[in-house]
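Read off the chains here:
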Amino acid sequence: MGRSEEIPLRKIEIISDAGQVFDELRKEIHARARLYPENTSYQEVEWSVVNDVGISSNVAKVEATYHEVKIRALSDGEFRLRCTSKNGSDNTKLISELEFRVVGLGSAYKDPYQFISGGLYDYSKGEVSNGNERGVATSRDGETQVGFREIDFGSYGSDTITIPIFSLSDEEYFLKIWEGIPGDERSVLLADVIYQKKSQWNVYQEETYSLSKRLSGITTLCFVLHQKIHIKGFSFKKKNRAFEQNIATLCYHIYGDTFEISKNSVEGIGNNVSLEFENMDFTIDGSTKLVVFGRSPIDKNTINIQFASNEGQSNQLVEFTQSDEYEERAFELEKIAGIQKVTFIFLPGCNFDFGWFRFER
């Protein structure tokens, strides 16, 4: 007899009857996956705990049994319970996530968008001493490294750092900023810069630097110097994801009939595929323009863009016409404002490769 017709999995729904908030009294929550259709040929799913960019998180851990999972909170923070399916293939084809929050267990991560005092360093090499106003002071001679671990930059992150520095003279001070600890296999030099301002005794003066990459997720930052300065601490500029470049693969949910997830794009998007992006803050001023970076092997792809907020739901259509290579296309929109969940819905007949998008004012 021939092989019976396969029934693909189209959607995974994660259900948590006990809610999505952990605290001192509720450190464990059970959740389950509901598959659509229920009689899909591919019942196997995988569970994990990740941050907003899909990196494994240590805020919680999971113990999975088939379609059910027990989640145990470990520290304060936010995470996503992720459930995936390969849908009969060798690679992940369906991703669904549900957000959770942990409060009252103690914070495990540093918030770079709030000022982080220099005295909170948790790694050093060379002679390090206490700086003025809870800062940190480096050595006059030799190399000094000052590191800060477990910094949570969130899903989109930032590449702009501001550092208040007190220097002992007007000369040039050479500063290197690393992601990770210098010498480690995955460490990256983010900036090799100079600080130079007219010295004011016991006065910190701010300097802002642009890094070579945007930091996201949970990572380590390290300052390297060969001269004595006082670093009061640092903070990063928080960026609004709605108006930044968003890679399609970093959507919160993706489901539908046909698509392939690659490193930097979602390709071969076909009938009724949806990509969801939550908590996009268009502010009061709003947005009236959308830029899409994609490729269309067919004459025309019609994309329904759905905006959902507490005030209701609206839809706008754009058409991305044929292109041999990835191209940027700009589309005028009716003004959209406030905090929205944005869903790109690809209509019947689509065949689209989606790189990234950006909303503009």
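Reading the values: the criteria
- Residues numbered from 1 in each chain as written.
- Predicted model: local features only at pLDDT ≥ 70, side-chain atom pairs only at ≥ 80, totals over all residues.
- Heavy atoms only, no water.
- Helix = DSSP H or I, 4+ residues; strand = E, 2+ residues; numbered from the N terminus.
- Contact = heavy atoms within 4.5 Å.
- Areas by Shrake-Rupley, 256 points an atom, 1.4 Å probe, with all protein chains shown as cover.
- Lys, Arg positive; Asp, Glu negative; His and termini not counted.
- Charge placed at Lys NZ, Arg CZ, Asp CG, Glu CD.
- Pairing = 2+ DSSP bridges.
- Axes fitted to C-alpha atoms, helices over the stretch in contact; angles between N-to-C directions.
- Salt bridge = Lys/Arg side-chain N within 4 Å of Asp/Glu carboxyl O.
- Buried < 20%, exposed > 50% of the residue type's maximum accessible area, 1.4 Å probe, protein only.
- Polar contact = N/O pair within 3.5 Å; in protein donor to acceptor, adjacent residues only side chain to side chain.
- Core = buried A, V, L, I, M, F, W, Y, C linked by side-chain atoms within 4.5 Å.
- 1 Å grid on protein atoms, 1.4 Å probe; cavity = no way out; pocket = protein on both sides within 12 Å on 5 of 7 lines; lining within 4 Å.
- Points joined across faces, edges and corners; volume = space filled by probe spheres on them.
- Nonpolar A, V, L, I, M, F, W, Y, C, P; charged D, E, K, R; others polar.

A. Layout of the overall build of the protein chain. Along its length, the protein chain carries 0 helices and 31 strands. Seen through its C-alpha atoms, the protein chain measures out along the principal axes to roughly 80 × 50 × 40 Å. Counting only contacts in the protein chain whose residues sit at least 6 apart along the sequence, the fraction spanning at least 24 positions is 70%. Of the roughly 18,100 Å² of accessible surface on the protein chain, 43% is carried by carbon and sulfur atoms. Of the side chains in the protein chain, 41 bear a positive and 55 a negative charge, and the two mean positions are spaced by 3 Å.

B. A look at the sheet that holds strand S15 (residues 173-179). Strand order in the open sheet formed by 5 strands is S10-S13-S18-S15-S16, with antiparallel pairing between adjacent strands. Two strands in the sheet have a free side with no partner beyond their single neighbour: strand S10 (123-125) and strand S16 (188-195). Going across the sheet, the axis of each strand differs from the next one's by a mean of 20 degrees, ignoring polarity. Pairing of S15 with S16 involves 7 bridges; the strand directions are antiparallel. Each bridged residue has a counterpart across the sheet, and for Tyr173 the counterpart in S16 is Tyr195.

C. Layout of the pattern of salt bridges. Going through the model one piece at a time under the given rule, you end up with 19 salt bridges. We note a salt bridge from Lys110 to Asp122, for which the minimum N-O separation is 2.6 Å. Linking Lys110 in the loop between strand S8 (94-102) and strand S9 (116-117) with Asp122 in the loop between S9 and S10, this pair joins segments that are 12 residues apart in sequence. On the accessibility criterion, Lys110 (18% relative accessible area) is buried. We note a salt bridge from Lys213 to Glu179, for which the minimum N-O separation is 2.9 Å. Of the two residues, Lys213 is situated in strand S17 (residues 205-215) and Glu179 in strand S15; the sequence distance between them amounts to 34 residues. A relative accessible area of 11% means that Glu179 is categorised as buried. Three or more residues are tied together by salt bridges with common partners; here these are Arg80, Arg82, Glu97 and Glu99.

D. Main features of the pairing of strand S24 (residues 266-269). Bridge analysis of strand S23 (residues 260-261) against S24 gives 2 bridges, and the strand direction is antiparallel. In the sheet register, Glu260 faces S24, and the bridge partner there is Glu267. Count of turn residues in the S23/S24 antiparallel hairpin: 4 residues. Where S24 and strand S31 (residues 352-360) come together, 2 bridges link them in antiparallel fashion. Note that in S31 the partner of Ile269 across the bridge is Phe352.

E. Local environment of unusual backbone geometry. Omega for the peptide link from Tyr36 to Pro37 comes to -5 degrees, which places this bond in the cis form. Assignment of secondary structure puts Pro37 in the loop between strand S3 (28-36) and strand S4 (46-50). Even without being a glycine, Tyr66 presents a positive backbone phi close to 60 degrees. Relative to the elements of secondary structure, Tyr66 occurs in the loop between strand S5 (60-65) and strand S6 (68-73). Phi is positive for Asn87, close to 50 degrees, though the residue is something other than glycine. As for its position among the elements, Asn87 is in the loop between strand S7 (77-85) and S8. Of the residues examined, Asn87 reaches a relative accessible area of 18% and is grouped as buried.

F. Here's a closer look at the side chain of Lys110. Within the structure, the side chain of Lys110 is placed 2.8 Å from the backbone oxygen of Arg149, a separation counted as a polar contact. Those residues in contact with Lys110 that lie beyond four places of it in its chain are Ile116, Leu120, Asp122, Arg149, Glu150, Ile151 and Asp152.

G. Representation of the nonpolar core in the model. Core analysis: the largest hydrophobic core is formed by 56 residues, its most contacted members being Leu275, Phe344 and Phe354. Broken down by element, the residue count for this core peaks at 5 residues, all from S8. Every residue in contact with Leu275, bar those within four places of it in the chain, is listed here: Ala248, Cys251, His253, Ile254, Val266, Ile269, Val342, Thr343, Phe344, Phe346 and Phe354. Of all hydrophobic cores here, the second largest spans 27 residues; its members include Ile151, Ala191, Leu211 and Ile231.

H. Main features of empty space enclosed by the protein. This structure, assessed with the given rule, holds 1 cavity of 30 Å³ or more. Here the largest cavity defines a volume of roughly 30 Å³. Leu290, Val292, Ile303, Ile305, Val318, Phe344, Phe346, Phe352 and Phe354 together form the lining of the largest cavity. For the lining of the largest cavity, the secondary-structure elements that each account for two or more residues are strand S26 (287-295), strand S27 (300-309), strand S30 (339-346) and S31. Here the lining of the largest cavity is built from residues that sort into 9 nonpolar, no polar and no charged.

The quantities given are spatial measurements derived from coordinates; they are silent on function.
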